[in-house]
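Residue-level structural notes
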Amino acid sequence: MRPNDRRYTQTHEWVKPDGETMLIGITDFAVRELSNGNEDDLVYCDLPEAGRVLTAGETFGEIESVKAVSDLNAPVAGEVVETNVNIEEHLEVLAKDPWNAGWMIRLRPERKSLDGLMSAEEYEKFVAAGGH
Amino acid sequence: MQLWRTITTWDAPAAWNMGLDQALLESPEAPPTLRLYTWKPGALSLGYFQRFEDVPAAAQAPKVVRRITGGGAIHHQRELTFSIAVGLDDPLYAGLLGASYQRVHAVIAAALAEFGIDAQPRGERRLASDREGTGMCFHHSSALDLVWNERKGVGSAQRRKGGRVLHHGSIKLDTTPLEGDIASVADARRGVTPQEFAAVWTARLSRDLGWKLSASAPDPEERARAKQLALRFDDATFTRRR
């Protein structure tokens, strides 16, 4: 079972409340799909600068594996207050620990509500059905 | 039988080619689409994340654009270029990324066989066409790439966005000076045209995957969007942004 302290999107991002802010990353399913099961296959990741204001669903970055480039989408609206710069140099972190060390951006959300996003249980079912 | 739209655009300019592919990716209501095309002039495309300076051949190409798909640079001359734009829930792209490459490449290999080419996935071996420092797609290989004569002859890469995929690929019909000694259809038969290869490949797609192909054209909205997006692909600040 994936962590139930956060919510999930259909494009395989997670968002986790953390005090007044929210952490955003991508799920193990996304990492596995992109990297074809080989962590060395992840080659680039572009993340936004602090201060950028995002709307819900807006693309905040891009990640490239050996065989695919994918957008990273904001699950909720808000202002980027911190970026995990470690990710850009050490993409293997995403495969090793997508839930904690693999967080990508910290957002000051416009609203605290996570309505409309999937619970861990709902995300499990979504992935079990193919994840698309 | 699954309905697919085919769009063929021969000898189009580089920026428009890339604009139309992005427009097809960003058309969620569009039917599954296979596009077959060539370039005029024969441009060089950089992978989305590549640095212009890391591709020495870019300085010699008549035109350079940046793709929205990743991977290495390609000189689009003497080849059939394709793009597939479809939802990620399509059977061709379901499951792991690698499986989608295997399915697409299997049908390309079947078409190549009709021209006398025995194409196989590279697997774990090293290739004679692998070269350091060029930044070229055909000089860098991975396990899923289609190879023959110990060289890479088909290159492809995907962009995934909003539940859809754009799968770009180049099937080499002959070599070019900018890419040098790589595999091509000319290894078995010289003078095969993109149109000839396209006809054989689409017949295999119908036979092997059960596709019902319908010759079509981009709709007016896609055309307008392609024209608008082509401006960005023509802009040197985008091409040289890394």
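Rules used throughout
- Residues numbered from 1 in each chain as written.
- Chains lettered and ligands numbered in written order.
- Predicted model: local features only at pLDDT ≥ 70, side-chain atom pairs only at ≥ 80, totals over all residues.
- Heavy atoms only, no water.
- Helix = DSSP H or I, 4+ residues; strand = E, 2+ residues; numbered from the N terminus.
- Rg over C-alpha atoms; globule rule 2.2 N^0.38 Å.
- Buried < 20%, exposed > 50% of the residue type's maximum accessible area, 1.4 Å probe, protein only.
- Contact = heavy atoms within 4.5 Å.
- Areas by Shrake-Rupley, 256 points an atom, 1.4 Å probe, with all protein chains shown as cover.
- Lys, Arg positive; Asp, Glu negative; His and termini not counted.
- Charge placed at Lys NZ, Arg CZ, Asp CG, Glu CD.
- Core = buried A, V, L, I, M, F, W, Y, C linked by side-chain atoms within 4.5 Å.
- Axes fitted to C-alpha atoms, helices over the stretch in contact; angles between N-to-C directions.
- Parallel < 35°, antiparallel > 145°, perpendicular 65-115°, else oblique.
- Left-handed = near helix turned anticlockwise from the far one by under 90°.
- Nonpolar A, V, L, I, M, F, W, Y, C, P; charged D, E, K, R; others polar.
- Pairing = 2+ DSSP bridges.
- Salt bridge = Lys/Arg side-chain N within 4 Å of Asp/Glu carboxyl O.
- Polar contact = N/O pair within 3.5 Å; in protein donor to acceptor, adjacent residues only side chain to side chain.

1. Describing the overall build of chain B
The secondary structure content of chain B amounts to five helices and eleven strands. Rg of the C-alpha trace for chain B: 17 Å, near the compact-globule value of 18 Å for 242 residues, within the 12% margin. Each principal axis of the C-alpha distribution contributes one length, and for chain B these read about 45 × 45 × 35 Å. Here chain B holds 242 residues, and 59% of them are scored as buried. Put simply, 71% of the contacts in chain B that link residues at least 6 apart link residues at least 24 apart. Surface accessibility of chain B: about 9,600 Å² in total, with carbon and sulfur atoms responsible for 52%. Side chains of chain B carry 32 positive and 27 negative charges; the gap between the two charge centres is 3 Å.

2. Some remarks on the nonpolar core
Counting residues in each nonpolar core, the largest one holds 34 residues, and the members touching the most others are L112(B), F197(B) and W201(B). Counting only elements with at least two residues in this core, the list comes to β2 (33-39), β6 (79-87), α2 (97-113), β8 (146-148), β10 (164-172) and α3 (194-209) of chain B. In terms of residue count, α2(B) provides more of this core than any other element does, six residues in total. Ignoring any residue separated from it by four or fewer positions in sequence, one finds L112(B) in contact with I117(B), A119(B), L146(B), W148(B), V154(B), I171(B), V185(B) and F197(B). Counting residues in hydrophobic clusters, the runner-up holds 31 residues, among them L42(A), A74(A), I87(A) and L114(A).

3. Some details on the packing of α2(B) against α3(B)
A pair of packed helices can be characterised by two numbers: the angle between their axes and the separation between those axes. Residue and element names in this part refer to chain B. Between α2 and α3, the shortest axis-to-axis distance is 9 Å and the interhelical angle comes to 125 degrees. Overall, the two elements α2 and α3 adopt an arrangement that is oblique. In this structure, α2 meets α3 at a crossing whose hand is right-handed. Two secondary-structure elements touch here, α2 through V107, I108, A110, A111 and L112 and α3 through F197, V200, W201, R204, L205, D208 and L209. Classifying every residue of the contact of α2 with α3 gives ten nonpolar, no polar and two charged.

4. Examining helix α1 (residues 28-35) of chain A
Counting buried positions over the eight residues of α1(A) gives six, a clear majority of the element. Within α1(A), the full set of buried residues consists of F29(A), A30(A), V31(A), E33(A), L34(A) and S35(A).

5. A look at the sheet that holds strand β1 (residues 7-8) of chain A
In a beta sheet, neighbouring strands pair by backbone hydrogen bonds and run either parallel or antiparallel. Residues and elements named next belong to chain A. Taken together, six strands build an open sheet; the order of strands is β1-β2-β3-β9-β8-β5 and the sheet is antiparallel. Two strands close off the open sheet at either side, each with one partner strand: β1 and β5 (53-54). One ladder, built from six bridges, connects strand β2 (residues 13-18) with strand β3 (residues 21-26); its direction is antiparallel. Across the sheet, the residue bridging to D18 is T21, located in β3.

6. Concerning the interface of chain A and chain B
Counting from both sides, the interface comprises 17 residues of chain A and, opposite them, 25 residues of chain B. Of the charged contacts in the structure, one is a salt bridge between E62(A) and R159(B), with a shortest N-O distance of 2.9 Å. In this assembly, chain A and chain B are joined by eight residue pairs in polar contact (both at pLDDT 80 or more). Sorting the residues of the side of chain A that touches chain B by element identifies α1, β4 (42-46), β6 (59-65) and β7 (68-73) of chain A as the ones contributing at least two each. Along the lines of polarity and charge, the residues of the side of chain A that touches chain B split into five nonpolar, five polar and seven charged.

7. Looking at the pairing of β6(B)
Consecutive side chains along a regular strand alternate between the two faces of the sheet. All names here are of chain B. Of all nine residues that make up β6, nine are buried, and the element is covered over most of its length. With five bridges joining them, β2 and β6 adopt antiparallel strand pairing. Following the sheet pairing, R35 is matched in β6 by S83. Pairing analysis gives nine bridges linking β6 to β10, with the strands arranged antiparallel. Bridging across to β10, E79 finds its partner in K172.

8. Description of the side chain of R106(A)
Residue and element names in this part refer to chain A. Inspection of the secondary structure puts R106 in strand β9 (residues 105-109). Owing to a relative accessible area of 19%, R106 belongs among the buried residues under this scheme. Of the polar contacts made by the side chain of R106, one reaches the side chain of D18; its length is 2.7 Å. A polar contact is formed between the side chain of R106 and the side chain of T21, at a distance of 2.9 Å. Setting aside residues no more than four positions away along its own chain, R106 makes contact with D18, T21, M22, L23, E79, V80, V81 and E82.

9. Quick word on the pattern of salt bridges
Across all of its chains, the model carries 27 salt bridges over all chains by this definition. A salt bridge links E114(B) to R204(B); the shortest N-O distance between them is 3.2 Å. Placement of the pair is E114(B) in the loop between α2 and β7 (120-121) and R204(B) in helix α3, with a sequence separation of 90 residues. A salt bridge links R190(B) to D174(B), with the shortest nitrogen-to-oxygen separation between them at 3.2 Å. Of this pair, R190(B) sits in the loop between β10 and α3 while D174(B) sits in the loop between β10 and α3, placing them 16 residues apart in sequence. Its relative accessible area of 63% is what places R190(B) among the exposed residues. One continuous salt-bridge network, built from bridges that share partners, spans E62(A), D71(A), R159(B) and K161(B).

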